[in-house]
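The primary structure of each chain is shown beneath.
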Amino acid sequence: MNSQTNLKVALLLITIIALISIGVKIQPILKNYDDFNPDMVYAINYNYFFKSEDKSTTVKSFIPKTNTRQRISEKQSISDSTLVFTKEISEKGNIRGIWNTNHKNSYHTLHYKFVYEGREQSFTVPEKFNLITDKYKYEEFLLPTSNIQSDHKKISELAKQLKQNTQNDKQVIKNILDHVVSIPSAPIITLTDALTTIEQNKASCNGKSRLFVALARNLGYPARIKGGIILENTEKRTSHVWAELLINQTWVPFDPLNNHFAYLPANYLEIYQGDEFLITHTPGIQFDYAYQIKKMNHISFLNMNSEEIRELSNISLWKVVESGVMPQNALNLLLLLPIGGLLVAFLRNVVGVKTFGVFLPVLIAFSLLQTGFISGIILFVVLILLVGLISYPFDKIGLLYTPKLVISLSIMVGLMIIATMIGITYNIIWLTTLTFFPTIILTIAAERFSRATVEDGYRTAIDKLFQTLIVTAICYSVLSWSWLPSILIIFPECILLVITWSMLLGRYIGIRWVEFYRFRPLFT
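Being a predicted model, the structure only gives us computed values, none of them experimental.

Criteria and thresholds
Residues numbered from 1 in each chain as written. Predicted model: local features only at pLDDT ≥ 70, side-chain atom pairs only at ≥ 80, totals over all residues. Heavy atoms only, no water. Helix = DSSP H or I, 4+ residues; strand = E, 2+ residues; numbered from the N terminus. Expected span 1.5 Å × (residues − 1). Buried < 20%, exposed > 50% of the residue type's maximum accessible area, 1.4 Å probe, protein only. Pairing = 2+ DSSP bridges. Axes fitted to C-alpha atoms, helices over the stretch in contact; angles between N-to-C directions. Contact = heavy atoms within 4.5 Å.

Undergrad: Hey, could you run me through helix H13 (residues 458–479) in this one?
TA: In an α-helix there are 3.6 residues to a turn, and that puts residues three or four apart on one side. The first and last C-alpha atoms of H13 sit 30 Å apart over 22 residues, in line with the 32 Å expected at 1.5 Å per residue. Along H13, the positions that sit buried rather than exposed are Ala461, Leu465, Gln467, Thr468, Leu469, Val471, Thr472, Cys475, Val478 and Leu479.

This is how it looks when you write it as structure tokens:
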């Protein structure tokens, strides 16, 4: 048996082993497939502690419900036997949990537990909004209230000022949000109404949201308050409120504290609608509370808990995820590198594209997942070309390659730091995304480009840079699939298939696709 036969047998065995291992897990995976695909999963526990008085004592708290962007499951109320738990649904659709006891002068502890699965939500805001046809239906969202004084003279003057020189509804709302965002934030725990927010020129989330709603209502845009909790892997006492605007029959979120325009992050738990208090209780009782929040590892396309995923097979990386030994981003990069490398190998060996190395386009694509594609590509190209321009005068004075490269990269790092500072100062989000990992990748890419300019000339270096960007864009489109790392965690056998496919690519001796274009006259 010759070496080629041995290789074919080995590849066949590897492929069969990988496919059998994958096949064993396919059935339970398909059975538990979940098309909700949450971005984040948290276990939340309302912890309430109080002492009852010498009369009937009641604690009320809004509790969340499932909607299009969040799913609530495993709901459970745990308390001592003297507490009676009931629920009520308000006209607004809010669900309120009620705990009542007639047991006098005694200490009580209650817990309300549930699991939250949430997705981020983003809306495209049109320049002009459709007129409201059913004003009676939305009348309450246009009227002033005691805390949302939309008809007050100061509110009217400010609203008129913000509407000046605007061309459409979108600009009006953008001006309102920008103004309220610019008001200094302060951790004010007492109730702050819309008017007080203007007069004090500082507020927490509740004051800012009330002012946003008041300004919108004053200008004829139906608006309301939405309440919930920003979920973090910790124990906290603070809840959060934001605003919603009715745009073309759809309630669109705006957060004037965190500057979210028509966007709601995945870790925003929605609990109630309206200008309400999350917790109310019998006046005068001793009361304390905390929200215990724990982020849960999950596979986005599976409706299975952690224990069920672990029992799927011993051949998976779920234990690595649960242990927390390796950060999730590091594990994702480790798993995606072979996939990206195989893609680059195909584009180089079969298509005929030239790039700066094999894994550099993959690493650049992975860094773009953190910076954003458009802003990351622009920043990448500008910095790389800048390094080339900076190197040019050093060539004229005859500096050696290595010292010249150190100078160029030092200038590039300095420019990246300056860009980050500008982003922080002027709240330009994409300029603040230059974390350690993208910086390292950009530095390596700049070094490769600088070397290519010396060895091959600027024209060849720019041509290879352009082809590298094309490959990077293709890699980004594949690596940005949110479910891909999860599949590799459940099916690490895919790495074996990558090896076999790479072996087949290594044996490819056919004409590269670009050669068909280059020598097209010969094929006609």
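Resuming the write-up.
Undergrad: Whenever I open this one, the sheet that holds strand S15 (residues 279–281) confuses me. Can you help?
TA: Pairing between sheet strands relies on hydrogen bonds along the backbone, with the strands arranged either parallel or antiparallel. In spatial order, the strands read S4-S5-S2-S15; together these four strands make up an open sheet with antiparallel pairing. A single partner strand is all that each edge strand has here, and the edge strands are strand S4 (84–89) and S15. Neighbour-to-neighbour, the strand axes of the sheet open up by a mean angle of 20°, direction not taken into account. Pairing of strand S2 (residues 57–63) with strand S5 (residues 95–101) involves seven bridges; the strand directions are antiparallel. By the bridge assignment, Lys60 is partnered in S5 with Ile98.

Undergrad: Teacher, can you tell me more about helix H5 (residues 205–218) here?
TA: Here H5 contains 14 residues, and its C-alpha end-to-end distance of 20 Å stays within 8% of the 20 Å for a straight helix at 1.5 Å per residue. Here H5 lies mainly inside the structure; 13 of its 14 residues are buried. Of the residues trailing H5, Gly220 is marked for its positive phi of about 90°.

Undergrad: I tried to follow the environment of Ala266 on my own but got confused; where do I start?
TA: Mapped onto the fold, Ala266 is located in the loop between strand S13 (263–264) and strand S14 (268–273). Judged by relative accessible area, Ala266 falls into the buried class, the value being 6%. A sequence separation of 116 residues divides Ala266 from Ser150, and the C-alpha atoms of the two residues are 31 Å apart. Among all residues touching Ala266, those that are not within four sequence positions of it are Asp39, Met40, Arg69, Tyr116, Gly118, Arg119 and Glu120.

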